[in-house]
2 protein chains.
Amino acid sequence: MVSFISENFDLARAVEQDKQLINSHLENYLKVGQPKTLWKAMRYSTISCGKRLRAILSLESARICGGNPENVLPAACALEMLHAQSLIHDDLPCMDDDDFRRGKPSNHKVYGEAMAVLAGDALLAYAPQVIIEHTPDSVDKKVLFQLINEFLHAAGPGGIVGGQAVDIQSENKTIGTGEFDYIITRKTAELFKFALRAGALLSGASNEKLDVLTEYGKKIGYAFQIADDILDVEATLQELGKTPGKDSKAGKNTYVSFYGPDKAMRDLEDLTRSARELLINNNINSSLLIGIADYITQKVKK
Amino acid sequence: MVSFISENFDLARAVEQDKQLINSHLENYLKVGQPKTLWKAMRYSTISCGKRLRAILSLESARICGGNPENVLPAACALEMLHAQSLIHDDLPCMDDDDFRRGKPSNHKVYGEAMAVLAGDALLAYAPQVIIEHTPDSVDKKVLFQLINEFLHAAGPGGIVGGQAVDIQSENKTIGTGEFDYIITRKTAELFKFALRAGALLSGASNEKLDVLTEYGKKIGYAFQIADDILDVEATLQELGKTPGKDSKAGKNTYVSFYGPDKAMRDLEDLTRSARELLINNNINSSLLIGIADYITQKVKK
């Protein structure tokens with residue numbers, strides 16, 4: 001199959017450029033304020049760590065739709081804050097009880113549990129404020145309302161929190177495929193979907209293009225979770241940045257424990273192939289989006 | 001001093017009427033969705049409990065400014081959800097570790113710690129969505145953005161979360177009056193301030209009126225915290241609905257431990273008197289606002 005990645009395209013370089021842009025904006029939005037320790041805890045889990053995959057997808061989505069990537073930077077950074085918030089709360093002893101995250105001690109290991117709960121709360125309230133306060137005035141207010149509403153949806157009971165709630169309830173239990181699919185969709189795919197939609201919405205994309213990018217986001221998000229579950233079994237602490245094998249030990253339903261390693265690998269490849277085909281069939285020529293689909297499959301094959 | 005409460009005014013009845021309106025809307029916004037247990041946990045700490053003081057202040061503020069109280073119901077209910085969220089997280093074992101709240105077992109005693117963390121997160125993300133989705137279309141979008149931004153500010157590091165962070169850090173420590181004032185202002189007064197501002201903003205109040213109501217909100221919120229600290233020493237579990245004496249035992253700085261009971265009582269009376277005078281001097285003739293100021297002082301005198 002033709003991959004449609006331009007010959008001269010350098011994925012690592014493109015990703016690095018966007019990453020720097022995102023990191024400098026995050027640094028700007030998360031300047032240490034009062035109370036100092038709270039802001040430091042908020043920064044600890046957001047600044048200088050993470051691949052920024054979700055935010056990069058937002059920027060590329062804007063570019064594909066002929067928009068200005070600058071317009072989507074506040075929403076893209078808010079998304080990274082939301083992602084950090086969910087990791088801080090997930091790692092708490094009463095949740096997944098993880099001591100390592102992104103290659104360093106978890107938030108509560110450094111700041112204590114109480115401050116980690118508060119840092120998560122603070123990021124959750126502050127992230128949509130960043131969208132309101134920093135999205136350029138030129139953006140249509142109706143679009144901005146839709147964007148914030150979708151952001152809050154992805155963050156709340158219909159999104160990450162909902163997925164995490166079912167995930168926790170299903171520990172050490174036999175669940176059906178519908179319930180398992182619900183967890184992955186809400187916990188992971190919703191944020192990727194929002195990432196793509198944010199760029200498209202802020203760039204005045206047609207409904208058709210918005211639908212295709214939404215679909216790509218869902219597939220890539222789902223694939224990302226499968227890859228994460230495969231790596232949870234195979235990778236080392238250093239490679240993973242968090243404790244490997246933790247999920248299966250905790251009696252969590254992972255894609256590998258649920259469907260077995262072979263189907264997991266097959267489904268991952270099918271999903272990323274289908275995501276690439278979706279772009280090609282709809283004449284969305286983005287080396288970066290195709291490159292990311294490839295990257296998600298390849299990282300588990302190393 | 002003239003109290004300016006109309007002779008025929010029945011505070012209990014006025015409060016009860018507003019409370020019913022607020023409760024029926026909360027019931028409507030918080031219908032059990034998927035995942036069921038998460039929504040039940042969200043409802044447990046929000047529905048059928050609480051005085052709804054903050055939401056009532058929002059409705060009255062709208063009436064005073066000649067607005068339609070219906071317009072402010074979504075924001076008023078969002079405020080109650082935010083208040084419930086802060087109580088759920090405050091009661092967690094890693095925070096204030098309280099087993100009782102609002103006369104019943106705390107959220108984590110019923111649903112477990114993990115679900116309580118998630119129920120709080122879910123309320124925090126869902127509350128501003130309620131404002132976006134349910135505030136009538138007739139409200140000016142610029143005003144609505146300001147409202148949501150102020151709501152998120154009151155919820156986040158510059159509001160409740162910030163106050164709670166300093167509060168926790170100052171346990172068993174000697175702090176200055178500035179720091180102590182910061183805790184009360186952020187943790188409690190910010191929400192009361194927002195309650196008053198929400199009603200005024202949505203009713204197109206003049207800047208002067210907005211300023212007076214903001215000031216009243218700050219004073220009443222501050223007074224409310226002093227009264228709460230006095231009751232923490234004096235009341236029983238049944239009267240309080242939460243474990244009495246908990247704050248002082250936990251080495252928390254309360255108004256009573258910080259300034260002594262006499263000054264606490266004096267400052268409470270001064271603040272509520274000053275709140276009443278502020279209204280009278282600015283020709284804001286609201287029996288309900290004056291009644292609430294009286295109520296806050298009287299409830300500790302029983």
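Residues numbered from 1 in each chain as written. Chains lettered and ligands numbered in written order. Predicted model: local features only at pLDDT ≥ 70, side-chain atom pairs only at ≥ 80, totals over all residues. Heavy atoms only, no water.

**Some points on the overall build of chain A**
So, step 1. Within chain A one finds 15 helices and 2 strands.
So, step 2. Taken over the C-alpha trace, chain A has a radius of gyration of 18 Å; the compact-globule value for 302 residues is 19 Å, and the two agree within 12%.
So, step 3. Taken over the C-alpha atoms alone, chain A extends approximately 50 × 45 × 35 Å along its principal axes.
So, step 4. Taking all 302 residues of chain A together, the buried fraction comes to 61%.
So, step 5. A sequence separation of at least 24 residues applies to 74% of the contacts in chain A between residues at least 6 apart.
So, step 6. Carbon and sulfur atoms provide 46% of the accessible area of chain A, an area that totals close to 11800 Å².
So, step 7. When the 35 basic and 40 acidic side-chain charges of chain A are each reduced to a single mean position, those positions are 3 Å apart. (Helix = DSSP H or I, 4+ residues; strand = E, 2+ residues; numbered from the N terminus. Rg over C-alpha atoms; globule rule 2.2 N^0.38 Å. Buried < 20%, exposed > 50% of the residue type's maximum accessible area, 1.4 Å probe, protein only. Contact = heavy atoms within 4.5 Å. Areas by Shrake-Rupley, 256 points an atom, 1.4 Å probe, with all protein chains shown as cover. Lys, Arg positive; Asp, Glu negative; His and termini not counted. Charge placed at Lys NZ, Arg CZ, Asp CG, Glu CD.)

**Overview of the pattern of salt bridges**
So, step 1. If you walk through the whole model with that rule in mind, you get 30 salt bridges over all chains.
So, step 2. The closest approach of N and O atoms between Glu215 of chain A and Lys218 of chain A, which form a salt bridge, is 3.8 Å. Taken together, the residues Glu215 of chain A and Lys218 of chain A, both in helix 10 (residues 207-234) and 3 residues apart, mark about one turn of the helix.
So, step 3. One salt bridge in this structure joins Glu190 of chain B and Lys193 of chain B, with 3.4 Å as the shortest N-O distance. Of the two residues, Glu190 of chain B and Lys193 of chain B both sit in helix 9 (residues 177-201), 3 residues apart, roughly one turn of that helix.
So, step 4. By sharing partners, the salt bridges in this structure join Asp96, Asp167, Glu171, Lys187 and Lys252 of chain A into a single network. (Salt bridge = Lys/Arg side-chain N within 4 Å of Asp/Glu carboxyl O.)

**Points about the packing of helix 1 (residues 11-29) of chain B against helix 15 (residues 287-299) of chain B**
Residues and elements named next belong to chain B.
So, step 1. Look at helix 1 against helix 15: their axes get within 10 Å of each other, and the N-to-C directions meet at 105 degrees. Relative to helix 15, the element helix 1 lies roughly perpendicular. Within the contact between the two elements, helix 1 uses Leu11, Ala14 and Asp18 and helix 15 uses Leu288, Gly291, Ile292 and Tyr295. (Axes fitted to C-alpha atoms, helices over the stretch in contact; angles between N-to-C directions. Parallel < 35°, antiparallel > 145°, perpendicular 65-115°, else oblique.)

**What about the packing of aromatic side chains?**
Residue and element names in this part refer to chain A.
So, step 1. Scanning the model with the defined rule gives 21 aromatic pairs over all chains in all.
So, step 2. With a centroid separation of 5.7 Å and 70 degrees between ring planes, the pair formed by Tyr44 and Tyr111 is classed as edge-to-face. Note that Tyr44 is positioned in helix 2 (residues 36-44) and Tyr111 in helix 5 (residues 107-111), a separation of 67 residues in sequence.
So, step 3. Of the residues examined, Tyr111 reaches a relative accessible area of 25% and is grouped as partly exposed. (Phe/Tyr/Trp six-rings, centres within 6.5 Å; stacked < 30°, edge-to-face > 60°.)

**A few points about helix 9 of chain B**
So, step 1. The largest bend along helix 9 of chain B reaches roughly 50 degrees and is located at Ala189 of chain B.
So, step 2. The buried count for helix 9 of chain B comes to 18 of 25 residues, which makes it a mostly enclosed element. (Bend = angle between axes of the 7 residues up to and from the residue.)

**Quick word on the relation of the copies chain A and chain B**
So, step 1. The operation relating chain A to chain B is a screw motion whose rotation component is 180 degrees, with 0.0 Å of axial translation and a residual RMSD of 0.0 Å. Taken together, the rotation angle and the small translation identify this as a two-fold axis. (Least-squares fit on C-alpha atoms with pLDDT ≥ 70 in both.)

**Overview of unusual backbone geometry**
Residue and element names in this part refer to chain A.
So, step 1. Geometrically, the link from Gln34 to Pro35 is a cis peptide bond, its omega value of -5 degrees lying close to zero.
So, step 2. Within the secondary structure layout, Pro35 lies in the loop between helix 1 (11-29) and helix 2.
So, step 3. Despite not being glycine, Arg102 has its phi angle at roughly 50 degrees, a positive value.
So, step 4. Positionally, Arg102 belongs in the loop between strand 1 (100-101) and strand 2 (104-105).

**Overview of the interface of chain A and chain B**
So, step 1. Listed by partner, the interface residues are 43 residues for chain A and 43 residues for chain B.
So, step 2. Here chain A and chain B share an interface that buries about 3600 Å² over both sides, 78% of which is from carbon and sulfur atoms.
So, step 3. The three residues of chain A that bury the most area against chain B are Leu118, Phe145 and Pro157 of chain A, which together make up 18% of that side's buried surface.
So, step 4. For the pair chain A and chain B, the number of links is 0 salt bridges. (Buried area = accessible area lost by both parts, 1.4 Å probe.)

**Looking at helix 4 (residues 69-91) of chain A**
Residue and element names in this part refer to chain A.
So, step 1. Helix length check: helix 4 (23 residues) gives 32 Å between terminal C-alpha atoms against 33 Å at 1.5 Å per residue, within 8%.
So, step 2. Taken as a whole, helix 4 carries its principal kink of about 25 degrees at Ala75.
So, step 3. Most of helix 4 is tucked away: 22 of the 23 residues are buried.
So, step 4. Two to three positions downstream of the cap, the backbone nitrogen of Glu70 sits 3.0 Å from a side-chain oxygen, assigning the N-cap of helix 4 to Asn68. (Expected span 1.5 Å × (residues − 1). Polar contact = N/O pair within 3.5 Å; in protein donor to acceptor, adjacent residues only side chain to side chain.)

**Details of a negative patch on the surface**
So, step 1. Together, Asp97, Asp99 and Glu113 of chain A together with Asp97, Asp99 and Glu113 of chain B make up a negatively charged patch on the protein surface.
So, step 2. Relative to the helices and strands, Asp97 of chain A is located in the loop between helix 4 and strand 1. (Patch = residues over 30% accessible without salt bridge, like charges linked within 9 Å, V, L, I, M, F, W, Y side chains within 5 Å.)

**Side note on the state of the cysteines**
So, step 1. Per the counting criterion, the structure on display carries 0 disulfides over all chains.
So, step 2. Of all cysteine sulfurs in the structure, the one in Cys49 of chain A sits closest to Cys77 of chain A, which takes part in no disulfide; the separation is 13 Å.
So, step 3. Not engaged in a disulfide, the cysteine Cys65 of chain B finds its nearest cysteine sulfur in Cys77 of chain B; these two sulfurs lie 19 Å apart.
So, step 4. Take Cys65 of chain B: its relative accessible area is 13%, and that puts it in the buried class. (Disulfide = S-S within 2.5 Å.)

**A few points about the environment of Pro157 of chain A**
So, step 1. Residue placement: Pro157 of chain A occurs in the loop between helix 7 (141-155) and helix 8 (160-169).
So, step 2. What makes Pro157 of chain A buried here is its relative accessible area of 4%.
So, step 3. Each C-alpha atom, one on Pro157 of chain A and one on Val110 of chain A, is 28 Å from the other, the two residues being 47 residues apart in sequence.
So, step 4. In this view, Pro157 of chain A contacts Gly162 and Tyr182 of chain A together with Gln34, Pro35, Leu38, Trp39, Met42, Ala122 and Tyr126 of chain B; residues no more than four positions away in its chain are not counted.

**Topic: the packing of helix 6 (residues 113-134) of chain B against helix 7 (residues 141-155) of chain B**
All names here are of chain B.
So, step 1. Interhelical geometry of helix 6 versus helix 7 gives an angle of 160 degrees and a closest axis separation of 10 Å. Relative to helix 7, helix 6 is oriented roughly antiparallel. At the point where helix 6 passes helix 7, the crossing takes the right-handed sense. Residue-level inspection shows Leu124, Ala127, Pro128, Ile131 and Ile132 of helix 6 in contact with helix 7, the latter providing Leu144, Leu147, Ile148, Phe151, Leu152 and Ala155.
So, step 2. Taken together, the residues of the contact of helix 6 with helix 7 sort by class into 11 nonpolar, no polar and no charged. (Left-handed = near helix turned anticlockwise from the far one by under 90°. Nonpolar A, V, L, I, M, F, W, Y, C, P; charged D, E, K, R; others polar.)

**Topic: the environment of Gln169 of chain B**
So, step 1. With respect to the element layout, Gln169 of chain B can be found in helix 8 (residues 160-169).
So, step 2. For Gln169 of chain B, a relative accessible area of 31% gives the class partly exposed.
So, step 3. C-alpha separation for the pair Gln169 of chain B and Lys252 of chain B, spaced 83 residues apart in sequence, amounts to 9.6 Å.
So, step 4. Excluding residues that lie within four positions of it along the chain, Gln169 of chain B makes contacts with Thr37 and Met115 of chain A.

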